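Report on the structure
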Amino acid sequence: MATILVTGGAGFIGSHTCLVLLEADFEVVVIDNFCNSDRESIKRVEALSGKSITLYQADLSNTEAIRDVFIKHTIDAVIHFAGLKSVAESCHDPILYYANNLQSTLALLQEMTRAKVFNLIFSSSATIYDSLHPAPYQEKHPVIGKTPYGQTKLMIEQILSDLPQSDLNWNISILRYFNPAGAHPSGMIGESPKTTPSNLLPFISHVAAGKQASLRVFGNDYPTPDGTGIRDYIHVMDLAQGHLFALSEVLQQQGDFFEVYNLGSGKGYSVLEIIKAFEEANLISIPYTVVERRTGDVAISYADTSKIERRLGWQTHYTLPEICQDAWNWQKQNPSGF
Ligand code: NAD
Ligand code: WQD
């Protein structure tokens, strides 16, 4: 069976994808520096799957460390999750974001080229869609780097789009995630940020657990039915499965392949709808207060998922109540994260 190198495999989306890969009988090699994760996540994935992962603790910008991995293993494809992902932090420390996300990607691409490994899947983000164009977003809609974090995603997409033109061996699939949420239904792996969560569902889980007194709803004067922001929440297991579909397509290519796919549920829910869904799914009350809009937020963002559904046959299976139940189940079982 093919061997897949997963960068950032100990993180939230990476760990769930490693599990799905192992369950599909791929060999999995992970490189992670644990700057936003814990090696315990890898142990839990191994326990859930009954299979082992070869783990390297290394910074991806360390070319010698990566080279060593490509020498030790015959890698068939790389799924590149490693990167810093906080929009707010990237605005406070842009150099950190440009340095980490770009240097690590360039080092990875150089070593892939050296090792003649040309199959790549990259984690991009819906944050790059230009909100001047109304949702639902299609892959061909205009993109723009609104924040340093978004710029890194856009720049990496641009770098990757140049590769098949320079060397016809490259097969590259870019996946633009909308709002990943939930956790594995076992409650054994989930999102475990090292700082206070800024994303909606992890924050609601902290309120439910009593770690935060109440949720601040950022604005109720948006042009939406209830005035709060609308987003596309996708269960992390559906997202992980999406990688399997993209990987299968990439592995069948003969070169000169470059494709972009949205990974979302295709449905938009407001902040108040998410609070209600969480309360009903878990029978817990979530106190909230409405505060000012958060800088940089858009009113409405959700995906047009027809391209990946049509071409690869992928579709979501988890419902919003399941996302809420699994997010809370993970929080309850792991009150302090990993
Ligand atoms: P995460 O922080 O949980 O996982 C990222 C992993 O990469 C972590 O384990 C971290 O330790 C590792 N890492 C970071 N920089 C590294 C480096 N230089 N060398 C080695 N390892 C490094 O984040 P996630 O939510 O799993 O996101 C994975 C990818 O998906 C990221 O690229 C992120 O930008 C992208 N993405 C995430 C979301 C989201 O909301 N979670 C949405 C869109 C896109
Ligand atoms: C969702 C909605 C908030 C927290 C971010 C990144 C994006 C991508 C996914 C990486 C918004 C509201 C939130 C809170 C609230 N990540 N909210 N109170 O901003 O859509 O996307 O994560 O690529 O790039 O920007 O997600 O979960 O932060 O917010 O009212 O305490 O919940 O205003 O409407 P966002 P989010």
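Residues numbered from 1 in each chain as written. Chains lettered and ligands numbered in written order. Predicted model: local features only at pLDDT ≥ 70, side-chain atom pairs only at ≥ 80, totals over all residues. Heavy atoms only, no water.

1. A few points about the sheet that holds strand E4 (residues 77-80)
Taken in spatial order, the seven strands make up an open sheet running E3-E2-E1-E4-E5-E6-E11, and their pairing is parallel. Two strands close off the open sheet at either side, each with one partner strand: strand E3 (54-57) and strand E11 (257-263). The average undirected angle you get between the axes of adjacent strands in this sheet is 15 degrees. Relative to E3, strand E2 (residues 27-32) is paired through four bridges, and the arrangement is parallel. Residue pairing across strands places Val-29 opposite Thr-54, the latter belonging to E3. The strands that helix H3 (residues 63-72) touches are strand E1 (3-7), E2, E3 and E4; relative to E2, the one it contacts most, it runs at about 170 degrees. (Pairing = 2+ DSSP bridges. Helix = DSSP H or I, 4+ residues; strand = E, 2+ residues; numbered from the N terminus. Axes fitted to C-alpha atoms, helices over the stretch in contact; angles between N-to-C directions. Contact = heavy atoms within 4.5 Å.)

2. A short note on the site of ligand 2
Around ligand 2, the structure places 19 residues, and the nearest of them are Tyr-149, Leu-200, Arg-216, Arg-231 and Asp-297. Taking Asn-199, its side chain carries an N or O atom lying 3.1 Å from an oxygen atom of ligand 2. The side chain of Arg-294 places a nitrogen or oxygen atom 2.9 Å from an oxygen atom of ligand 2. Notes on ligand 2: free accessible area 680 Å², of which the protein chains cover 88%. By residue number, the principal contributor to the shell around ligand 2 is strand E8 (residues 215-218), which donates four residues. Here the residues of the shell around ligand 2 are counted per class, giving nine nonpolar, six polar and four charged. Three or more residues apiece are contributed to the shell around ligand 2 by two domains, here domain 1 (3-181 + 233-263) and domain 2 (200-231 + 266-333). (Near = heavy atom within 4 Å. Polar contact = N/O pair within 3.5 Å; in protein donor to acceptor, adjacent residues only side chain to side chain. Areas by Shrake-Rupley, 256 points an atom, 1.4 Å probe, with all protein chains shown as cover. Nonpolar A, V, L, I, M, F, W, Y, C, P; charged D, E, K, R; others polar. Domains from an automatic or database assignment.)

3. Considering the nonpolar core
The tendency in soluble globular proteins is for nonpolar side chains to be buried as a group. In this structure, Ile-4, Val-6, Leu-21, Val-28, Ile-53 and Leu-263 are the most contacted members of the largest nonpolar core, which totals 40 residues. For this core, the element with the most residues is helix H8 (residues 236-251), which contributes eight residues. Counting contributing residues per domain, this core is built from domain 1 (3-181 + 233-263) and domain 2 (200-231 + 266-333), each supplying no fewer than three. Discounting residues that sit within four places of it in the chain, Leu-21 has contacts with Ile-4, Val-6, Phe-26, Val-28, Ile-79, Leu-244 and Leu-247. If you look at the next biggest cluster of nonpolar residues, it comprises 27 residues, including Ile-31, Ala-58, Val-69 and Phe-118. (Core = buried A, V, L, I, M, F, W, Y, C linked by side-chain atoms within 4.5 Å. Buried < 20%, exposed > 50% of the residue type's maximum accessible area, 1.4 Å probe, protein only.)

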